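Summary of structural features
This is what each chain is made of:
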Amino acid sequence: MVPTSKRPRQPVVAVTGAASGLGRELLARLVSSADFRRVVAIDEERGDIHEATWREIDVRDPLLANRISDIDVLVHLAGDYAVDSDPGERRAYNLRAAQTVLTACAAARVRRVVLVTSAMVYGAAPDNEVPLPENAPVAAEPDTGMVGDYLEIEALVRRSLRSHPGLEITVLRPAAVVGPGVDTVITRHFESPRLLTVKGCSPHWQFCHIDDLLSALELAARGGVTGVVAVGSDGWMEHEQVEEMSGIRSLELPAGLTFGTAQRLHRLGVTPAPATDLHYVVYPWVVDCAALREAGWKPAWTNEAAFEQLLELRGENRTTVVGRRLPVKEATLTAAGATVAVIGTAAIVRQVRKKRRQ
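As the structure is a computational prediction, the values presented were derived from the model and not from experiment. (Residues numbered from 1 in each chain as written. Predicted model: local features only at pLDDT ≥ 70, side-chain atom pairs only at ≥ 80, totals over all residues. Heavy atoms only, no water.)

Glancing now at helix H11 (residues 303-313). Among all positions of H11, only Asn-303, Ala-306, Phe-307, Gln-309, Leu-310 and Leu-311 are buried. Contact partners of the buried residues in H11: strand S7 (176-178), helix H5 (185-189), strand S9 (204-205), strand S10 (207-209), strand S12 (237-238) and helix H7 (239-246). (Buried < 20%, exposed > 50% of the residue type's maximum accessible area, 1.4 Å probe, protein only. Helix = DSSP H or I, 4+ residues; strand = E, 2+ residues; numbered from the N terminus. Contact = heavy atoms within 4.5 Å.)

Structure follows, in structure tokens:
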């Protein structure tokens, strides 16, 4: 008798942070996919995707390994990425969650883990290659902001790969994520009355719509891409095009004055985000999504279409004050605008004093 070939058994996939946000959106896609035998949802409370198998547990719980012993692939999306979170508490949560998940997956013999960080880890700099290759050095400055969290999480990944060579880990690094429900330092920049630029350098803008991030996550969960994978729309937009589409005028300032003022404002507690966050709205950090391209993946959203939706989603009756949203009538500054306002006010004061002396 000639043996019949058997189709490989479809894997069981789990998603952490599955009750809300990006985790919920991915879960909704996976439960309708024919590529997985079963879909497990992991969160502290049960969500509304009833087709999934729910397991209620805090991902920081050391007992997590006991709850994922039947899992083949785990997509880790549980985390605190709110702009307004306390930096210390946010980092403690994110690092503990990532560390526990990686350790639990190794102990439970999970074959593949998928995590999301950001292309911000490459750093934003005036002399950055455009686009940056995926194997470009991680050159971002460690800070108290989200970039610092991403750098620490990727350091955990590297240590885990050395400690557990049998564990396959894929890290997705999206460009500036936009779409419904997305609230970041980048999206809030376009709620400002002015776009900050620095002399001698023009930003290049690349976006990653949440739909494209989700499709890249599905591909990674299936094993279509591995290692470090950049995600984003093809190409980039020049700053002049962004300015024209948004209708927001730019204000150009010297780099030294801009970052020096921003750092002082952060030190005084005026702005919640570190001065290094401003690098990502004035310097390029465009990425080349070579691995996804080679795997046959194509973004559904262009940079222009993603940016247009970002503009449409801005609140009509709100703006951003040093990283915190307030009604328009109460708002005077933005995260980047705080620097612009302080420098502009100083210039006005100097002009008034000069006139008085004349």
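Following the sequence through the fold, Ala-97 ends up in helix H3 (residues 87-107). As for Ala-97 and Val-59, which are separated by 38 residues in sequence, their C-alpha atoms are 5.7 Å apart. Beyond its immediate sequence surroundings of up to four residues, Ala-97 is in contact with Val-59, Arg-60, His-76 and Ala-78.

This brings us to the packing of H3 against helix H4 (residues 146-163). Relative to each other, H3 and H4 sit at 20°, their axes nearing to 10 Å. Of the possible angle classes, the one that applies to H3 and H4 is roughly parallel. Handedness of the H3/H4 crossing: right-handed. In this structure, H3 contributes Arg-90, Arg-91, Asn-94, Leu-95, Ala-98, Gln-99 and Leu-102 to the contact, and H4 contributes Met-146, Gly-148, Asp-149, Glu-152, Ile-153, Leu-156, Val-157 and Ser-160. Taken together, the residues of the contact of H3 with H4 break down into seven nonpolar, four polar and four charged. (Axes fitted to C-alpha atoms, helices over the stretch in contact; angles between N-to-C directions. Parallel < 35°, antiparallel > 145°, perpendicular 65-115°, else oblique. Left-handed = near helix turned anticlockwise from the far one by under 90°. Nonpolar A, V, L, I, M, F, W, Y, C, P; charged D, E, K, R; others polar.)

In the contact formed by H7 and H11, the axes pass within 11 Å of each other and the chain directions differ by 40°. Between H7 and H11, the angle is such that the two are oblique. Handedness of the crossing formed by H7 with H11: right-handed. Where H7 approaches H11, its residues Gln-241, Val-242, Met-245 and Ser-246 are matched on the opposing element by Glu-304, Phe-307, Glu-308 and Leu-311. Split into classes, the residues belonging to the contact of H7 with H11 amount to four nonpolar, two polar and two charged.

The next point concerns the pairing of strand S4 (residues 73-76). Note on strand geometry: in a regular strand, side chains alternate between the two faces of the sheet. Side-chain alternation along S4 places Val-73 and Val-75 on one buried face and Leu-74 and His-76 on a second face that is also buried. Where strand S1 (residues 12-16) and S4 come together, four bridges link them in parallel fashion. Bridging across to S4, Val-15 finds its partner in Val-75. Direction of pairing for S4 relative to strand S5 (residues 112-116): parallel, over a ladder of four bridges. Within the sheet, the bridge partner assigned to Val-75 lies in S5 and is Val-114. Handedness of the crossover joining S4 and S5 through H3: right-handed. (Pairing = 2+ DSSP bridges. Right-handed = clockwise from strand over helix to strand, strands pointing away.)

What follows is about H4. Helix length check: H4, at 18 residues, gives a terminal C-alpha distance of 26 Å against a target of 26 Å (1.5 Å per residue), a fit within 8%. Burial in H4 covers these residues: Met-146, Val-147, Gly-148, Asp-149, Tyr-150, Leu-151, Ile-153, Glu-154, Ala-155, Leu-156, Val-157 and Ser-160. (Expected span 1.5 Å × (residues − 1).)

Glancing now at the nonpolar core. Generally speaking, nonpolar side chains in soluble globular proteins are found buried as a group. Formed by 42 residues in total, the largest nonpolar core has its most connected members in Ile-186, Phe-190, Trp-205, Phe-207, Tyr-280, Trp-285 and Phe-307. Where this core is concerned, the elements lending two or more residues are H4, S7, strand S8 (195-198), helix H8 (255-267), helix H9 (279-282) and H11. With residues up to four places along the chain from it excluded, the contact list for Phe-207 reads Ala-175, Ala-176, Val-178, Gly-232, Ser-233, Met-237, Asn-303, Ala-306, Phe-307 and Leu-310. Judged by nonpolar contacts, the second largest core, of 37 residues, contains Ala-18, Leu-26, Val-73 and Ile-210. (Core = buried A, V, L, I, M, F, W, Y, C linked by side-chain atoms within 4.5 Å.)

Another point: the side chain of Arg-188. You can see Arg-188 is positioned in helix H5. Note on Arg-188: relative accessible area 5%, which makes it buried. Of note is the side chain of Arg-188, whose polar atom sits 3.2 Å from the side chain of Asp-84. (Polar contact = N/O pair within 3.5 Å; in protein donor to acceptor, adjacent residues only side chain to side chain.)

Strand order in the open sheet formed by seven strands is S3-S2-S1-S4-S5-S6-S11, and the pairing between neighbours is parallel. Since the sheet does not close on itself, it has two edges, and those belong to strand S3 (53-56) and strand S11 (227-231), each with one partner. Across the sheet, the mean angle separating the axes of adjacent strands is 20° when strand polarity is ignored. Strand contacts of helix H1 (residues 21-30): S1, strand S2 (38-43), S3 and S4, with the helix running at about 160° to S1, the strand carrying the most contacts.

Side-chain pairs of opposite charge can arise where the charged atoms are in close proximity. Enumeration over the complete set of coordinates arrives at 17 salt bridges. Close ionic contact of Asp-288 with Arg-293 constitutes a salt bridge, the shortest N to O distance being 2.8 Å. Arg-293 gets classed as partly exposed once you look at its relative accessible area, which sits at 47%. Through salt bridges that share partners, Arg-24, Glu-25 and Asp-48 make up one connected network. (Salt bridge = Lys/Arg side-chain N within 4 Å of Asp/Glu carboxyl O.)

Moving on, we come to the packing of aromatic side chains. Considering all chains together, one arrives at six aromatic pairs under this definition. Pairing Phe-190 with Phe-307 gives two aromatic rings, centres 5.0 Å apart and planes at 70°, and the pair type is edge-to-face. Taken together, the positions of Phe-190 in the loop between H5 and S8 and Phe-307 in helix H11 put the pair 117 residues apart, joining distant regions of the chain. Ring geometry for Phe-207 against Phe-307: centres 5.4 Å apart, planes inclined by 15°, an arrangement best described as stacked. Separated by 100 residues along the polypeptide, Phe-207 in strand S10 and Phe-307 in helix H11 bring together distant segments of the chain. The exposure class of Phe-307 is buried, given its relative accessible area of 0%. Taken together, the aromatic side chains of Phe-190, Trp-205, Phe-207 and Phe-307 make up a single cluster linked through ring pairs. (Phe/Tyr/Trp six-rings, centres within 6.5 Å; stacked < 30°, edge-to-face > 60°.)

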